[in-house]
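Structure assessment
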Amino acid sequence: MSAVADFGLIGLAVMGQNLILNVADHGFTVVAYNRTTSKVDEFLANEAKGKSIVGAHSLEEMVSKLKTPRKVMLLVKAGKPVDYIINDLVPLLDKGDIIIDGGNSHFPDSNRRFDELSKKGILFVGSGVSGGEDGARFGPSLMPGGAAEAWPAIKPIFQAISAKSDGEPCCDWVGPAGSGHYVKMVHNGIEYGDMQMICETYDIMKRLGGLTDAEISEVFTKWNTGVLDSFLIEITRDILKKNDTDGTPLVEKILDSAGQKGTGKWTAINALDLGQPVTLIGEAVFARCLSALKSERTRASKILPGPKIPSGVVKDKQKFVDDLEQALYASKIISYAQGFMLIREAGKEYGWKLNNPAIALMWRGGCIIRSAFLGEITNAYRQNPDLENLLFHKFFTEAVTKAQSGWRKTVSIATEYGIPAPALSTALAFYDGYRSERLPANLLQAQRDYFGAHTFKVLPEFASATLPEGKDIHINWTGHGGNISASTYDA
């Protein structure tokens, strides 16, 4: 059987089919395989008819039709199914062949697969794929990482089929091991935060400003022409002007209990593991958890009091809306700053050299969090790939400075009248904490030393013979008089 295909793809759900069609449209020949082989025949007879797509009814047949080095992409359910297919595939491949996991795998699994396949001479790539069904068909954001030797072989295909932003492909090499799936995980966490912040601004406009859904849609239409221009603002505009057959806004008929698939939770857990204050994504995850307590919240609404919202509380609606825009914009900056803080720390923790400028570019098009705003992040990291924090870049420093007044007014009025705004308010709290040279953690350390002998360090300017600089110190906090009995430990 002659090797005719440039690329193989396993998994013919909608995402897989659309990605195959995308690859074929860009001049490559694809071999398609699915465990239920009737789906292969059905796909070839319909959507793939007349295109440079061939089918396979077994893994052996698929491998035999692939040119070397063989490039096989898996778009199957994350977890055990990926391992099962890899185990069946490896004996059929040669050293230097490439396996690409394009599913929503957890990055520790990709780390493990990278290590296991490296020992067998197989090049593993874990690639984030974002953009949904339309993205897969017409241009997704692709975030590949793993065996760097695989990149020259897959680069022409991946960059051809990816979305483009200002002519540049929204795909580049991320880094080693599971870094591609790691970056996709952080992308999804930021997506949680963006969605939550937008929902909070909608809620504040509705409950405090008294705006109708149609009026709020118009606000989002305007916002989408400015600094908040993005896919999520765009779809929110469309959602809010969609009416049911009775003329009622459809969104008002949807149960206010949010679902989640776990990637936001993964991001929050990893942030805790790495000791990074990614507060906004954490609050967005918890907001979904709180929304799921619908029956409990309904009972609480009849028991727990809160401030009344007087009629006409907002005197100047335009100023009110402008302040909300600044609050959303500043909070969005904080969310991305936190996300890149986490990515930076992951690079240190896992020994990855990450392509920061390319990561921002990959998110500019094709993915759910795509926005004009990401162009500025790309520029910031191109100017300084080792930028410590986005907030230290002139553009973002000036943006949050300009936004502060409206940001603070929005959080203040929401709090005053009992409108929950966990994402907007935690963003502001993080900003104020981050810009504070001194935080009350000195008292916290004293408390820890008091009850658990956890020790503390002394500020250099107050170092002395009894409180030496750089040492872990424990004292007897219940001792009387002015003398301090201190025990020191090597730092």
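Residues numbered from 1 in each chain as written. Predicted model: local features only at pLDDT ≥ 70, side-chain atom pairs only at ≥ 80, totals over all residues. Heavy atoms only, no water.

Another point: empty space enclosed by the protein. Enumeration according to the criterion identifies 1 cavity of 30 Å³ or more in this entry. Of the pockets and cavities examined, the largest cavity occupies roughly 60 Å³. Around the largest cavity, the lining residues are Asp194, Met197, Ile198, Leu228, Ser230, Leu232, Ile233, Leu328 and Lys332. Of all elements in the fold, only α8 (179–207), α10 (231–240) and α14 (317–350) reach the threshold of two or more residues within the lining of the largest cavity. Looking at the lining of the largest cavity, the element that brings in the most residues is α8, giving 3 residues. Tallied by class, the residues present in the lining of the largest cavity amount to 6 nonpolar, 1 polar and 2 charged. (1 Å grid on protein atoms, 1.4 Å probe; cavity = no way out; pocket = protein on both sides within 12 Å on 5 of 7 lines; lining within 4 Å. Points joined across faces, edges and corners; volume = space filled by probe spheres on them. Helix = DSSP H or I, 4+ residues; strand = E, 2+ residues; numbered from the N terminus. Nonpolar A, V, L, I, M, F, W, Y, C, P; charged D, E, K, R; others polar.)

This part is about the packing of helix α12 (residues 279–291) against α14. Look at α12 against α14: their axes get within 8 Å of each other, and the N-to-C directions meet at 105°. The pairing of α12 with α14 is recorded here as roughly perpendicular in orientation. Within the contact between the two elements, α12 uses Thr279, Leu280 and Ile281 and α14 uses Ser331, Ser335 and Gln338. For the contact of α12 with α14, a count of residues per class yields 2 nonpolar, 4 polar and no charged. (Axes fitted to C-alpha atoms, helices over the stretch in contact; angles between N-to-C directions. Parallel < 35°, antiparallel > 145°, perpendicular 65-115°, else oblique. Contact = heavy atoms within 4.5 Å.)

Let us now look at the domain arrangement of the protein. Looking at the protein, the domain boundaries give domain 1 (7–173), domain 2 (184–435) and domain 3 (445–490). The centre of domain 1, based on its C-alpha atoms, is set 58 Å off from the matching centre of domain 3. (Domains from an automatic or database assignment.)

Strand order in the open sheet formed by 7 strands is β3-β2-β1-β4-β5-β6-β7, with mixed pairing between adjacent strands. Of all strands in the sheet, those bounded by a partner on one side alone are β3 (53–56) and β7 (141–146). The average undirected angle you get between the axes of adjacent strands in this sheet is 25°. Here strand β1 (residues 7–10) runs beside strand β2 (residues 30–33); their pairing, made up of 4 bridges, is parallel. By the bridge assignment, Leu9 is partnered in β2 with Ala32. (Pairing = 2+ DSSP bridges.)

Nonpolar side chains collect at one region of the surface, where Tyr450, Phe451 and Trp477 lie side by side and expose about 390 Å² of accessible area between them. Its place among the elements puts Phe451 in helix α19 (residues 441–452). (Patch = residues over 30% accessible without salt bridge, like charges linked within 9 Å, V, L, I, M, F, W, Y side chains within 5 Å. Areas by Shrake-Rupley, 256 points an atom, 1.4 Å probe, with all protein chains shown as cover. Salt bridge = Lys/Arg side-chain N within 4 Å of Asp/Glu carboxyl O.)

Take the pattern of salt bridges next. One side chain can pair with another of opposite charge once the charged atoms of both are near each other. Counted according to the given criterion, the structure contains 27 salt bridges. Linking Asp244 and Lys253 is a salt bridge whose minimum nitrogen-to-oxygen distance equals 2.7 Å. Each of Asp83, Asp101, Asp109, Arg112, Arg113 and Glu116 takes part in salt bridges that share partners, so that together they form one network.

Here we take up the UniProt feature "binding site: substrate" (unreviewed entry) in the protein. The UniProt entry lists Asn104, Ser130, Gly131, Gly132, His187, Asn188, Tyr192, Lys261, Arg288, Arg448 and His454 under the feature "binding site: substrate" (unreviewed entry), expressed in the numbering used here. Across 351 residues of sequence, these annotated residues are also dispersed in space, with a maximum C-alpha separation of 48.7 Å. Position of Asn104 among the secondary structure elements: in the loop between β5 (98–101) and α5 (107–118). If near-sequence neighbours (up to four positions away) are discounted, Asn104 is found in contact with Ala78, Lys184, Asn188, Thr263 and Trp266. Among the polar contacts listed, one links the side chain of Asn104 to the side chain of Lys184, at a separation of 3.4 Å. Tracing the chain through its elements places Asn188 in helix α8. Exposure remark for Asn188: the relative accessible area of 7% places this residue in the buried category. (UniProt positions renumbered as here; feature names shortened; annotations may be inferred. Polar contact = N/O pair within 3.5 Å; in protein donor to acceptor, adjacent residues only side chain to side chain. Buried < 20%, exposed > 50% of the residue type's maximum accessible area, 1.4 Å probe, protein only.)

Our next topic: the packing of aromatic side chains. Within this structure, the stated rule accounts for 18 aromatic pairs. Seen in terms of ring centroids, Phe373 and Phe396 are 5.9 Å apart; in terms of plane orientation they differ by 70°. Their pairing is edge-to-face. Of the two residues, Phe373 is situated in helix α16 (residues 373–383) and Phe396 in helix α17 (residues 394–416); the sequence distance between them amounts to 23 residues. Classification of Phe373 as buried rests on a relative accessible area of 4%. On the accessibility criterion, Phe396 (0% relative accessible area) is buried. Between the aromatic rings of Trp407 and Tyr431, the centroid separation amounts to 5.5 Å while the plane-to-plane angle is 50°, which identifies the pairing as tilted. Linking Trp407 in helix α17 with Tyr431 in helix α18 (residues 422–434), this pair joins segments that are 24 residues apart in sequence. Tyr431 shares its class with Trp407; the two are buried. Ring pairing ties together the aromatic residues Tyr329, Tyr336, Phe373, Phe395 and Phe396, which thus form one cluster. For the cation-ring pair, Arg288 lies above Tyr192, with the distance from its terminal atom to the ring centre recorded as 3.7 Å. Between Arg370 and the ring centre of Phe231, over which it is positioned, the NZ or CZ distance is 4.1 Å. (Phe/Tyr/Trp six-rings, centres within 6.5 Å; stacked < 30°, edge-to-face > 60°. Lys NZ or Arg CZ within 6 Å of the ring centre and 35° of its normal.)

Below, the discussion takes up helix α1 (residues 14–25). In this model α1 runs 16 Å from its N-terminal to its C-terminal C-alpha over 12 residues, within 8% of the 16 Å that 1.5 Å per residue would give. Within α1, 9 of the 12 residues are buried, which leaves it mostly tucked inside the rest of the structure. The positive-phi residue at the C-terminal boundary of α1 is Gly27, with phi of around 90°. (Expected span 1.5 Å × (residues − 1).)

Time to look at unusual backbone geometry. Trans is the common state for peptide bonds, and a negative phi is the common state for residues other than glycine. The residue after Thr68, namely Pro69, is reached through a cis peptide bond having omega -10°. With phi around 50°, Asp166 is a residue other than glycine that occupies positive phi space. The phi dihedral of Thr455 falls on the positive side, at around 70°, and the residue is not glycine. Mapped onto the elements, Thr455 comes out in the loop between α19 and β10 (472–475).

With respect to the helices and strands, the residue Val313 is situated in the loop between α13 (294–301) and α14. Placed 105 residues apart in sequence, Val313 and Leu208 show a C-alpha to C-alpha distance of 6.9 Å. Contact partners of Val313, with chain neighbours within four places excluded, come to Leu208 and Tyr417.

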